[in-house]
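Structural overview for review
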Amino acid sequence: MTETDRLRSLIVAVRRRWFMTVALRTAGIAMAVAALPILAALIVYSLFALDDGPLLLLASAATLLSITAAALAIRRVEPRPDDTRVARFIEERAEARPGVRPLDDAVVSAVQASRTAEGDPRASFASLVVGAALRKLDGIDAAAIVEPSAIKRAAAAGVGGAALLALTFVIGMPALRHAMETARLRLFPGSITVEVWPGDTRVLAGQPVRINARLHSSEGRLEHAVPKLVVTDGT
């Protein structure tokens, strides 16, 4: 492996570990902030007996705010860094380590020099620049620039955000079912089946009669939708 290949390998490895920490941390933040509007909606749902229009409005607002919050968190992630920026990142992290002398843009210069094509009169000088940078980075690998502890902390943030979002959905499942049933009744009434029993029946005057009614959809019984019975006599 040539010195240029060693430099490129280091750049690739650092970029991969750097992106991993950013992606895990961002995912955790996105899921955590997405859970907040849902938690707020669950508090409102538990305090007030919402149904029909107000319930659909609350569910729609919570969904929109949750998606918006997650999207804003994800948009904060910067684009994929190029080699020069990764080189600058390596220099900043390396110089922060004890015993490392100032690099004075040696890695950045080496990355720029590594782009010199073979056969170019400057190729010999470029190899010297790359070699000098690698000597200054002697003993420093990708794990030293982006330490495993940093990746573990980012992973913990990702797991924490996912756990919060999952817990929110578990707690809010009854409210979610209620909202979905209400939306189905409002938007797709033709998909609802009404089951009433007994059907036609004769009742002796003065005797009680019990009428049962249930609402069903293709997914099963609607637990939160309560049928209303209207009794008429004559006109």
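Basis of the calculations
Residues numbered from 1 in each chain as written. Predicted model: local features only at pLDDT ≥ 70, side-chain atom pairs only at ≥ 80, totals over all residues. Heavy atoms only, no water. Core = buried A, V, L, I, M, F, W, Y, C linked by side-chain atoms within 4.5 Å. Buried < 20%, exposed > 50% of the residue type's maximum accessible area, 1.4 Å probe, protein only. Helix = DSSP H or I, 4+ residues; strand = E, 2+ residues; numbered from the N terminus. Contact = heavy atoms within 4.5 Å.

Attention now goes to the nonpolar core. The tendency in soluble globular proteins is for nonpolar side chains to be buried side by side. Core analysis: the largest hydrophobic core is formed by 30 residues, its most contacted members being Leu-7, Val-14, Ile-90, Leu-137, Ile-145 and Val-146. Mapped by element, the contributors of at least two residues to this core are helix 1 (3-47), helix 3 (83-95), helix 4 (106-113), helix 5 (123-136) and helix 6 (142-145). Not counting residues within four places of it along the chain, the set of residues in contact with Ile-145 comprises Val-14, Phe-89, Ile-90, Arg-93, Ala-94 and Ile-140. Judged by nonpolar contacts, the second largest core, of six residues, contains Leu-50, Leu-58, Ala-62 and Ala-179.

The step from Trp-197 to Pro-198 runs through a cis peptide bond, and the omega angle for that step is 0°. Mapped onto the fold, Pro-198 is located in the loop between strand 1 (193-197) and strand 2 (212-217). Backbone geometry places Asp-104, a non-glycine residue, at a positive phi of 55°. Along the chain, Asp-104 turns up in the loop between helix 3 and helix 4. With a relative accessible area of 60%, Asp-104 lands in the exposed category. One non-glycine residue, Asp-105, adopts positive backbone phi at about 60°. The class for Asp-105 is partly exposed, based on a relative accessible area of 35%.

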